[in-house]
Structures are given as C-alpha cells and as structure tokens.
Amino acid sequence: MNQNVAALLPETFLAAAAVCGLLAGSWLPRHRQWAVAALAAAACLAGIAATGHTMATGREQTVFDTTFAVDAPTNAGRLTVLTALLLVVAMSAESLRGHKRESEYYVLLLLTGTGTLVLIGADDLLTLFAGYLLASIPAYALAGFAKDAHGTEAALKYYLFGALLGTVMLAGVALLYAAAGATGYRTLRDGLPGADPALVAAGLVAVLAGLLFKAGAVPAHFWVPDVTEGAAPPVAAYVTTLPKVGALIAGYRLLHQALPGCGVDWPLLLAVLAAASMTWGNLAAFFQTDAKRLLAYSTISQIGYLLMALSVATHTDLAQRALLLYLAAYALTNLGAFAVVTALPQARSLDDYRGLAGRRPGLAAVLLVCLLGLVGTPPTGVFLGKLEIFTAAVDGGRTWLAAVAVANTVASLFYYLRWLAPVFRPGGTQRHAVTGRVTVGTAYVAGTGSLLLGLAGGAVLPLTTGPLLG
Amino acid sequence: MLTVVTFLPLLACAVLALLPRAVRVPDRVCSWVWIATAAADLALVIAVWVRFDPHGGLQYEQRARWMPGAGVSYHVGVDGLSLPLVAMVCVLFLAAAVHMLRETRRVRALACLFLFLQTVGVGLFVALDLILFFVFFDLSIVGMYVVIAGWGHGERARAAALKFFLYTFVGSLALLLGFIGLYLAADPHTFDLVELTRSNPLAGQGLYAGLVLLAVGAGLAVKTPTVPLHTWLPPAHTEAPAAGSAILAGVLLKMGTYGFVRIAMPLLPGSWRQYAPVFVVVGVVSVVYGALVALAQTDLKRMIAYTSVNHMGYVVLAIGAAGSLAGSDAQARSLAVTGAVVQMVSHGLLTGALFLLTGVLYDRGGTYALDAYSGLAAHTPRFAAATGVAAFASLGIPGFSGFVAEFQIFTGSLASQAAATGIALLGILLSAALFLRALRSLFLGPPRLPAGIPLSGLADLRTREAAATYPLLVLALVIGVLPRFLLDVVEPAGRSVTELVAR
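The shown structure was predicted, so the numbers you read here are calculated from the model rather than taken from an experiment.

Asks: How would you sum up the overall build of chain B? Please name residues and give values.
Replies: Looking only at helices and strands, chain B features 18 helices and 2 strands. A compact globule built from 503 residues would reach a C-alpha radius of gyration of about 23 Å, and chain B, at 22 Å, matches this within 12%. Considering only C-alpha atoms, chain B reaches an extent of 70 × 60 × 40 Å along its principal axes. Considering chain B as a whole, with its 503 residues, one finds that 65% of them fall into the buried category.

Asks: Hey, could you go over the overall build of chain A for me, with residue numbers and the actual values?
Replies: Of the regular secondary structure elements, chain A holds 20 helices and 2 strands. For 470 residues, the compact-globule estimate of 2.2 N^0.38 gives 23 Å, and chain A sits close to it at 21 Å. For the C-alpha atoms alone, the extent of chain A along its principal axes is close to 65 × 55 × 45 Å. Of all 470 residues assigned to chain A, the portion counted as buried reaches 62%. For chain A, contacts bridging at least 24 residues in sequence account for 82% of all contacts bridging at least 6. Accessible surface, chain A as shown: approximately 15100 Å² in total, 67% of it carbon and sulfur.

Asks: Just give me the short version of the side chain of A:Asp290, but keep the residues and values in it.
Replies: Residue and element names in this part refer to chain A. Of note, Asp 290 is situated in the loop between α12 (266–285) and α13 (291–311). Buried within the structure, Asp 290 lacks any salt-bridge partner; its nearest side chain of opposite charge belongs to Arg 348, at an N-O separation of 4.3 Å. At 2.9 Å, the side chain of Asp 290 and the backbone nitrogen of Lys 292 are in polar contact. In contact with Asp 290, not counting residues within four places along its chain, are Glu 229, Arg 348 and Ser 349.

Asks: Describe the UniProt feature "domain: NADH:quinone oxidoreductase/Mrp antiporter transmembrane" (unreviewed entry) in chain B, and please don't skip the residues or the numbers.
Replies: As annotated by UniProt and renumbered to match this structure, "domain: NADH:quinone oxidoreductase/Mrp antiporter transmembrane" (unreviewed entry) occupies residues 127–424 of chain B. Strand forms 0% of residues 127–424 of chain B and helix 78%; the C-alpha atoms that close the span are 32 Å apart.

Asks: Lay out the pattern of salt bridges in plain terms, naming residues and giving numbers.
Replies: The full count for this structure, using the stated rule, is 20 salt bridges over all chains. The closest approach of N and O atoms between A:Arg78 and A:Glu11, which form a salt bridge, is 3.0 Å. Of this pair, A:Arg78 sits in helix α3 (residues 72–96) while A:Glu11 sits in helix α1 (residues 9–27), and the two are 67 residues apart along the sequence. Note on accessibility: A:Arg78 and A:Glu11 belong to one class, buried. The salt bridge involving B:Asp79 is made with B:Arg262; its shortest N-O contact spans 2.6 Å. Highlighted residues: B:Asp79 in the loop between β2 (72–78) and α3 (82–99) and B:Arg262 in helix α10 (residues 242–267), separated in sequence by 183 residues. Across the pair, B:Arg262 and B:Asp79 agree in class, each one buried. Beyond isolated ion pairs, a larger network of salt bridges with shared partners links A:Glu153, A:Lys157, A:Asp226, A:Glu229 and A:Arg293.

Asks: Provide a residue-level description of the pairing of strand β1 (residues 59–67) of chain B, including the pertinent values.
Replies: All names here are of chain B. Taken together, the 6 bridges between β1 and β2 define a ladder with antiparallel strand orientation. Bridge assignment links Arg 63 to a residue of β2, and that residue is His 75. The antiparallel pairing of β1 with β2 creates a hairpin that spans 4 residues between the two strands, and Gly 71 there sits at a positive phi of about 75°.

Asks: So, the pairing of β2(B): which residues are in play, and what are the values?
Replies: The two faces of a sheet get side chains in turn, since along a regular strand they alternate between them. Counted residue by residue, β2(B) has 7 buried out of 7 residues, so it is predominantly covered. Of the two faces of β2(B), both are covered, the one formed by B:Val72, B:Tyr74, B:Val76 and B:Val78 as well as the one formed by B:Ser73, B:His75 and B:Gly77.

Asks: Go over a nonpolar patch on the surface with me, naming the residues and quoting the values.
Replies: Residue and element names in this part refer to chain B. On the surface, a nonpolar cluster with roughly 590 Å² of combined accessible area is contributed by Tyr 470, Val 474, Leu 477, Val 478, Val 481, Leu 482 and Phe 485. Per-element accounting of the nonpolar patch gives the leading share, 5 residues, to helix α17 (residues 463–481). Using a relative accessible area of 56% as the deciding quantity, one classes Leu 482 as exposed.

Asks: So what about the packing of aromatic side chains? Which residues, and what values?
Replies: Throughout the structure, instances matching the rule amount to 35 aromatic pairs over all chains. Summarising the aromatic geometry, the rings of B:Phe165 and B:Phe169 are spaced 5.8 Å apart at their centres and angled 80° between planes, so their arrangement reads as edge-to-face. Taken together, the residues B:Phe165 and B:Phe169, both in helix α6 (residues 155–185) and 4 residues apart, mark about one turn of the helix. By the burial criterion, B:Phe165 is buried, and B:Phe169 matches it. Judged by centre distance (5.6 Å) and plane angle (80°), the ring pair of B:Phe260 and B:Phe279 falls under edge-to-face. Note that B:Phe260 is positioned in helix α10 and B:Phe279 in helix α11 (residues 269–295), a separation of 19 residues in sequence. Within the aromatic cluster, the residues linked to one another by ring pairs are A:Phe129, A:Tyr132, A:Tyr140, A:Tyr158, A:Tyr159, A:Phe213 and A:Trp223. Lying across the ring of A:Tyr305, A:Lys386 places its NZ or CZ 4.3 Å from the centre.

Asks: How would you summarise the packing of helix α5 (residues 130–151) of chain B against α10(B) if you had to cite specific residues and measurements?
Replies: All names here are of chain B. Look at α5 against α10: their axes get within 11 Å of each other, and the N-to-C directions meet at 160°. The angle between α5 and α10 places the two elements in the roughly antiparallel class. The handedness of the crossing between α5 and α10 is left-handed. Across the interface between the two elements, Leu 130, Phe 133, Phe 137, Ser 140, Met 144 and Val 147 from α5 touch Gly 244, Ile 247, Leu 248, Leu 252, Met 255, Tyr 258, Gly 259, Ile 263 and Leu 267 from α10. Residue composition of the contact of α5 with α10, by class: 12 nonpolar, 3 polar and no charged.

Asks: So what about the environment of B:Val216? Which residues, and what values?
Replies: Residue and element names in this part refer to chain B. Position of Val 216 among the secondary structure elements: in helix α8 (residues 206–223). Among the residues examined, Val 216 registers a relative accessible area of 0% and is labelled buried. Along the backbone, Val 216 and Arg 108 are 108 residues apart, and their C-alpha atoms lie at a distance of 36 Å. Not counting residues up to four positions away in its chain, the partners in contact with Val 216 are Ala 174, Leu 175, Gly 178, Phe 179 and Ala 264.

Asks: An account of unusual backbone geometry is requested, with residue identities and associated values reported.
Replies: Glycine aside, residues mostly have negative phi angles, and peptide bonds mostly take the trans form. A:Pro379 follows A:Pro378 through a cis peptide bond whose omega is 0°. The residue A:Pro379 is located in the loop between α16 (361–375) and α17 (381–395) in this model. A cis amide bond links B:Val227 to the next residue, B:Pro228, at an omega of 5°. Tracing the chain through its elements places B:Pro228 in the loop between α8 and α9 (233–239). Positive phi is not limited to glycine here, since A:Thr66 has a value of about 50°. Within the element layout of this structure, A:Thr66 appears in the loop between β1 (61–63) and β2 (68–70). Residues other than glycine seldom take positive phi values, yet B:Tyr60 does so here, at roughly 55°. Note that B:Tyr60 resides in strand β1.

Asks: Got a sec to walk through the side chain of B:Glu406? Specific residues and values, please.
Replies: Position of B:Glu406 among the secondary structure elements: in helix α15 (residues 401–414). With sequence-adjacent residues up to four places away left out, B:Glu406 is seen in contact with B:His311, B:Tyr314, B:Gln343, B:Ser394, B:Leu395, B:Gly396 and B:Ile428.

Asks: Go over helix α9 (residues 223–230) of chain A, please, and point to the residues and values.
Replies: Of all 8 residues in α9(A), 6 are buried; the element is thus mostly enclosed. Buried within α9(A) we find A:Trp223, A:Val224, A:Pro225, A:Val227, A:Thr228 and A:Gly230.

Asks: Please provide a residue-by-residue account of the interface of chain A and chain B, values included.
Replies: Taken residue by residue, the interface counts 35 residues in chain A and 27 residues in chain B. Summed over both sides, the interface of chain A with chain B buries roughly 2600 Å², with 80% coming from carbon and sulfur. Between chain A and chain B we count 0 salt bridges in total. Contributions of two or more residues to the side of chain A that touches chain B are made by α14 (318–343), α15 (356–359), α16, α17, α18 (399–423), α19 (437–455) and α20 (457–460) of chain A. Here the side of chain A that touches chain B gets 9 residues from one element, more than from any other, and that element is α18(A). Residues of the side of chain A that touches chain B, tallied by class, amount to 22 nonpolar, 8 polar and 5 charged.

Asks: Which residues make up the state of the cysteines, and what values go with them?
Replies: All names here are of chain B. Applying the stated criterion across every chain, the model contains 0 disulfides over all chains. The structure places no disulfide on Cys 30, whose sulfur is separated from the nearest cysteine sulfur, that of Cys 112, by 7.2 Å. By relative accessible area, which is 0% here, Cys 30 ends up buried.

Asks: Quick rundown of the packing of helix α12 (residues 300–321) of chain B against α15(B)? Include the residues and the values.
Replies: Residue and element names in this part refer to chain B. α15 packs onto α12 with a crossing angle of 35° between their chain directions and a minimal axis gap of 9 Å. Seen from above, α12 lies across α15 with left-handed handedness. Taking contact as the criterion, the partners of His 311, Tyr 314, Val 315, Leu 317, Ala 318 and Ala 321 in α12 are, on α15, Glu 406, Ile 409, Phe 410 and Ser 413. Broken down by class, the residue content of the contact of α12 with α15 amounts to 7 nonpolar, 2 polar and 1 charged.

Scoring rules and cut-offs
- For every chain, the first residue of the written sequence is number 1, and numbering continues from 1 onward in sequence order.
- For naming, the first written chain is A and the first written ligand is 1, with later ones following in the order written.
- Two thresholds apply to this predicted model, a pLDDT of at least 70 for residue-level local features and 80 or more for giving and counting side-chain atom pairs, whereas whole-chain, interface and lining totals are computed over all residues.
- The basis for the side-chain values is all heavy atoms of the structure; hydrogens and waters are excluded.
- Secondary structure elements are taken from DSSP: a helix is a run of H or I of four residues or more, a strand is a run of E of two residues or more, and numbering for both begins at the N terminus.
- Taken over C-alpha atoms, the radius of gyration is set against a globule rule of 2.2 Å times the number of residues to the power 0.38.
- Think of it in three bands: with a 1.4 Å probe and only protein chains considered, a residue is buried below 20% of the maximum accessible area for its type, exposed above 50%, and partly exposed in between.
- Note on contacts: a residue pair qualifies if any of its non-hydrogen atoms lie within 4.5 Å across the two residues.
- Exposure was quantified through the Shrake-Rupley algorithm and a 1.4 Å probe, taking into account, for residues, occlusion by the shown protein chains and nothing else.
- Think of it this way: Lys and Arg go in the positive column, Asp and Glu in the negative one, and His and the chain ends go nowhere.
- Here a salt bridge means any side-chain nitrogen of Lys or Arg lying within 4 Å of a carboxyl oxygen belonging to Asp or Glu.
- For the purposes of these results, a polar contact is taken to be a pair of N or O atoms within 3.5 Å, where, inside protein, one atom must be able to donate a hydrogen and its partner to accept one; residues adjacent in sequence count only when each atom of the pair is a side-chain atom.
- UniProt positions are given in the numbering used here, feature names are shortened, and annotations may be inferred rather than shown by experiment.
- What makes two strands pair is DSSP finding at least two bridges between them.
- Residues forming no salt bridge and having over 30% relative accessible area are the ones grouped into patches, like charges within 9 Å of each other and nonpolar side chains (Val, Leu, Ile, Met, Phe, Trp, Tyr) within 5 Å.
- The criterion for an aromatic pair is that two Phe, Tyr or Trp rings (for Trp, the six-membered ring) have centres within 6.5 Å, with stacked assigned to planes under 30 degrees apart, edge-to-face to planes over 60 apart and tilted to the rest.
- Think of it as a cone above the ring: NZ of Lys or CZ of Arg counts as a charge over the ring if it is within 6 Å of the ring centre and within 35 degrees of the ring normal.
- Helix axes use the C-alpha atoms of the stretch in contact, all axes being lines fitted to C-alpha atoms, and the angles between their N-to-C directions lie in the range 0 to 180 degrees.
- Orientation categories follow fixed angle ranges, with anything under 35 degrees roughly parallel, anything over 145 roughly antiparallel, 65 to 115 roughly perpendicular, and all other angles oblique.
- In a left-handed crossing the near helix is turned counterclockwise from the far helix by less than a right angle, and in a right-handed crossing that turn is clockwise.
- Three residue categories are used. Nonpolar comprises Ala, Val, Leu, Ile, Met, Phe, Trp, Tyr, Cys and Pro, charged comprises Asp, Glu, Lys and Arg, and polar comprises the others, including Gly.
- Buried area is calculated as the accessible area (1.4 Å probe) missing from two parts once they are joined, with the contributions of both summed.
- Two cysteine sulfurs form a disulfide in these notes if their separation is within 2.5 Å.

See the structure below:
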C-alpha cells in the first residue's frame, strides 16, 4: 500500500498553516495578527510550488489504498484552488485588518481550502464525504463571520441546507456501499453494473445532491444568493468560487471512475440539470439591482455550463480539459469581479457604479474584462473554456445542450451589460472610495490573469490532460 | 507584415489608453495620433498591394503556434478576396479619423476605440484560422456597441446599441457552433482555414453538413444583414454617430458577406451547392424588400441603412448563383463572385461617404428628417454635389464602382438564375427612385431648414469634411472607370473560390 505523505504536500501545508495560525493567533497582539494572513499566503504559495514539482516530475500516483488520487485533474484543480485561495486571502487582507477575530478568519479559510483539496482528489466515497464536511463546516462560520443580521441569516441558511444535503449524501454513500459492497471508486466500477439499478440510481442521486449543494447548482442553489449577499464580499467571493471547483472535479471523478456502465442514465440527468441551472440562474439574474446578488445568480448559470462537461464525461476525451480549463478561467474571472466589489465597499447597487470609468478607470477596465469574460467574449479565458465545453458537448452527442447554452449565453449578456452600462456613463454618486491598494491590486491581477489565460491558453491546455488514476 | 498592419492601430490605442491620467493629452494631439496611425496603416497596406502577385494565391502568410492542443493557431495571410477589403477598411478608417477631427466629446477614448476597431476590422479580413476570425468577429460587436452607446444620440442610442449587441451576438454564437462542427469533422481536429479547405471534411455528410451550414449561414446572415435578420440595422445606424455608422456599414457588414465567401463556400461546398437556391431567394428578397422599405422612409439615415440591406442582397444573390452549377459555366460563376467582392468594396466606399455626409447634415440641422430640409443646393453647393455624386454612384450609374459590381453580379447570375436576376433588377429601379426622391427633397425647391436654425447659419462642407468624403468618391470613380487594377487582383481569387465550390 502506497502511504506516501509527500504526495499530499499541498493539503498538508494548508492544514499545518491552519493549526499554526490558530495557535499563533491566540498569542499575537491584535495589531500583529496580519502575520496569520501572511502565513496563509505562504502556505498557498508553498502548495503551488509542491504541485508544480509533482507535475514537472510526473509523480502521479494513488495513495492510501487508492482512496486519494494525485493525477492530472487533481494537480490542475490544486493549482486553481490554491491560486484562488491566495487571491481571496489578498482581497481579505485590508478589509479584515485589525478585526478582533482576524486570525480565526484565515484559519477557517485555510481549513475549508483543505477540504476543497480533499474533495478534488477523493477516490473513495468516504474520503469524498470527509472532504465535503471539511469544506463545508468552516464555510458556515465564515458566512456569518461579521455577526450582523444579514450574515447570521446567510450562515443559518447555508448551514441548514448543508446539513440536510450532507445527510442525504451520507445516505447515498451507504446505498452505494450496499449495492457494491465497497466505497472505493475502483471497486464500485466493477461492482455497480451487477447491482440493482434502482438502488444505484437512488444512491447516486443522493451523493450528487451533496455535490450539487457545494457547487450551487439547481436544484440545490437556494442558499447561493442569500449567502453571497449577506456575507462579506471576500467570503462571497470564496463561496461562489472554490467549493464549485472542488465539487465539480469530485463529481467528474466520481462519474468517470465509479459509474461508467452502471445502467443508470446519469448523463441525461446531468444534462437536464445543466440546462436547468444555466437557464434558472440567468432568468433570476435579469432584473437584480444588487451587484453581489447579480453575481450570485450569474454563478448559478455558470455552473450550468460546467455541468455540461460532466454530462459528457464518459462520452468524449475533450470533457476533462474543457472542465479543468473552464474552472480555472471561471475562478480567476469571478474573483476579479468580486475583487472589484470588495474594493468598492460603498457601492452596493448597480447604479452606485455610475461614473466608475471616469474616477477609477483601472477598476472599470477589470470589471469590463471580467463581466465580458463571464459572457464568454474572446479573447478571455472563459471564452476558451466555453469553446472547449461546447466542443465537448457537441462531440459527446449533446448538440441540443450546446444550443441551450448558446441561447443562455446571449441572455446572460443582457444583465452583465446592465451593470457595465452605468460604469461607463458619466456622472453618478461619489461612492467610489476604495478599500486599499492590495485589494485593488488583487483585482488587477485577477483581471489580467483572466485575459492572459485566454491569450496563452496554449500553454495551459497541456496541464489539463492526463489520465485519471485509481 | 500583416501582423504589423493588424496590430499597429492596437499599439497606438494602447499607448493612448495607458498614458497616466496625470498627462493631459490635448484633444487635438489625440486626433492627430489617430489620423497618423490610420495613414501609416494605409501606407503599409498599399505597400502590401504593390508587392502582391495576383496569381500567387495566399501571400504574406504567417503562422504561429497559439493553442496547439485546441487546434488553434495564429494564422494570417491575404489573397485577392481579402486584400481589397483590407485596403477598403484602412481607407474608411482614415476617412472616419479625418471626419472626427473636430470631435469634442471624450476624444481620447473615441480615438482609442476606433483604433481598436481598426485592428479588429483588419484582423478579421486577414485571419486564416476560424477561432482568430471569431475573436475579431466578436470584438467588433463589443467595440461598435461602445461606440453607439457612448457617442450616439442619447437614451435611444443605448437601446439601439443593446439591440445591436444582443442580435449580432446570437449570430456570432451560431457561427461558433458551426465552427465547432467543422472542427470536430476534421481529422486531425483543426480550426485552420487552409487545412479545412484542403481536406473538405464535411464532403458527403448530408444532414450534419447541412446543419453546420445552417449555423454558419445564420450567424453570417445576421451580420450581413439579410432579410429577415436585418431588424437590428436601422436603429443601430440611426442612433450611431456619423463615423460609427460609416464603419458599421463599411466594415462590419462586410464581415458577414466576406465570411460567406471565405468560410461557407470553400469549406462547405457540397451543402453550399445543395442549398444555393435558398441563398438566391434570400438575396432577392433582401434586394427588393430593402429597396421598398427604404423608399418608405422619411428619415435620411434610416433610408441609407435600408439601402445597405438592398446592396448586401446583391452580394448574397451573387454568391448563391455561384453555387448553382446547373445552367451556368465556370466563367459566369467566377464573374458573380468577383462582382460580389467588388460590390463589398464599392458599398464600403459609397455608403461610408453617404453616412459621413449624413453626419454633416445632422451637424447643421440637428435632425435626419427628410421633410425638414429643402433647397439646400443653393447655399451648400459642395455638400449637394458630394451627396449627389454619392447617391448616383450608389444606385449604380455607369462610371462608378457600383456599376462595375452590379453589372458583374447580374451577368454572372443571369445564366443560372434568370428569374431571380430579373426580379433583382427591380431593386436598381427602386433605389434610383428613392435616391432621386431624397435628392429632390433635400436640395431642390425653396430653401428651408429645421425650425429655429437660420439660413445664414448654414455652412457648406468644411475642409476636413471634404477631405474625409471626396477621396472615397474619387476612389469609387477610379474603380468605375479603371477597374482593372482591382479586378486583376479579385478575378483569380474569384476563380479559385468557384473551383472550390464546384469540387
């Protein structure tokens, strides 16, 4: 049995930084608690370096009795998650400075980040569920971190939903275990085809329920707008980005490794969920006037596009790179938009952004790149992701789903333009005081990254290809 | 070389945009940087033209790895189809820059935007990779949206801009689906136009090829625009500033028709032949419907916008006829394609000039309503003469480029599509009627101006306005009288497209 802990260095770094941060936070005076933020950032950077090393030396493997796979999707997912976490830490730094629970904030962030990494590599239903819990529970606390009315409501909704669907997911794990007599994906792959299809279907739907909750996809999306609006902007940026990366890669691995040929028509189920998610998210976003709420619904529709890749997971080899590339591009672009929201704490409604281009041309440019990027305008990263996902869908025999996605893309343009139009209109209120330089810089980095990912997609694509292990 | 031509304006745009705000650049400097860049770009294109070998196929090719994993490369080049259009684009952008010399509203941003659009316009016509083509296709929509919304005529302009964006964005995504269909059919998967043309991946694929043509055709038809997908055009034109309208009509509409000749015909020859009658019918309907609706307009700019639908209809008719093998020989079909390309160039020059002149009228009178003006010829002889020449040239009078184009289109189409060509001839008659009506109402009769504007305040064409418009008309005249320099370049390319369609 391979028990190589070194294969889990990124996860270890985050967990160790969380523990050290918790201890250090208890002793550090309040004005020095920023050290924990620095520690968190260092852990992310070290994790990125470790992942880079794994990729460069080709040390793909499965560890701990094939309960955890370190392969191409894991590595690509780690890079995305750690980079995104780094950006979240950076955009939190100034708004959290001097907060009386500053170090706890970063500890929670690191813990839920660890959970997300576990989700990505999980090659066993029990590891998957452990990752789910580790990613979820600190996030509930983060949602209500400000202890205000909105935050508390958000945390409560998030928690109730998460607890309910987590239980359902655990029941699903039990059902699949009953069907195949094991929880490892490899054993499931061999055992499930011979099992009762109804049992498998029930188990699969229940497990997917938990993952859909993490991803914020229809029908488990009801918490997304409230949490995004109620939580502080960096936390909102976190909950709409990282858990989605974790849940989608986990879902892809589960479907691709454990359930090919199990007799349940899950590709159709996912295609329907994808169509429902993108359509519902778009329709609900149409007439939102609150910037964060608009972004929340936009993330629901983005999940729809991402689920397209899952629905053709076993039909085409293009699905994996489409999913991983889109996730990376989406994470950067979405964080860029949220970084702008974080940088302008007084601007809440879309009208508050009026005249931004005149006063803060840099932030307006980031917003332009990120919102048009979310539509899928070339040459941003999301365009490349969309191109790959549409290609995968057509290649996987789901042309109708690609057509639905195209219609939704057009529809989404409408509400993104509703936000962009006031930005470039002169006049407006003076609500454009910025949080600070680091936050603005984070916005620049994320916006530039989202553009570069499209232009230099050729360099990134090879990182997303490689076989799944286990 | 082509990379320089394409990205030179973008470079100037970046320099203007990235100058720190502390550096107050005077508006005049911005305007002159803009003009100088456009002129330099035109000079480069002329240099390309001089060294261009008409019988050499694709030239000045450059190919670089961009995203090998996704089958995308940076691949540019020109042949006889694209070179005249690239030259036309550069001429038109220079004219627009000169026309906007006295603009006072956010000049730096406007100059940046037009320079950006110039890169997009040139880039699209030199692109030899479907994704590169699509990138420019989509960015043109974004750029034009900002021009209309930001510099158009008020609140209605924003609505028109949104309609324009949504409408053409649907088209561009349909196009993308079609491209994906082509990509997946090719083995190995690639978006490269040259390779796809060579391998003809969809030969004999029946329904699949038909669906791909439907997606590509619908996407391009929105942009062209043809009836019934044209409804975004009149409001967009009416609300856009004059130079924006000129670019929209001269450059953006050509992206649709050029796409047919460059992508749909050579890459999908089988389905193109099969569905050629559809394009013929759409073309004829656009011709007649566009002219009829233009005849009913009371707003000058709207009227010109509808004549664009009419003129693009001729192009669609010609390329449809080029796909009808029965009853025609290769020479007739190649004549039709050549006519279509010449029509694109001609329409760009003439309609560009007309829209710039309309801008002058709006500048003086504040409205486009035809019945608000009368007898202008007495006070503004130069303006009247220029508008008259542009209108007559546009309706296809011999001696101007429009005649050369339409004559070739009709001669090339007559053999295989006699009935359709006969009906399309009606369009010429109708456009003659509508232009004459407009000219009479504007320039003849007792002098009259919109309420509140004294006749004494009516100024004739100023130097910069003349400098923007006259060269366009002179070029149209040169093409009309001495068309060989253009036809020598277009004809070999037209022949090779015809051969590709017939294979």
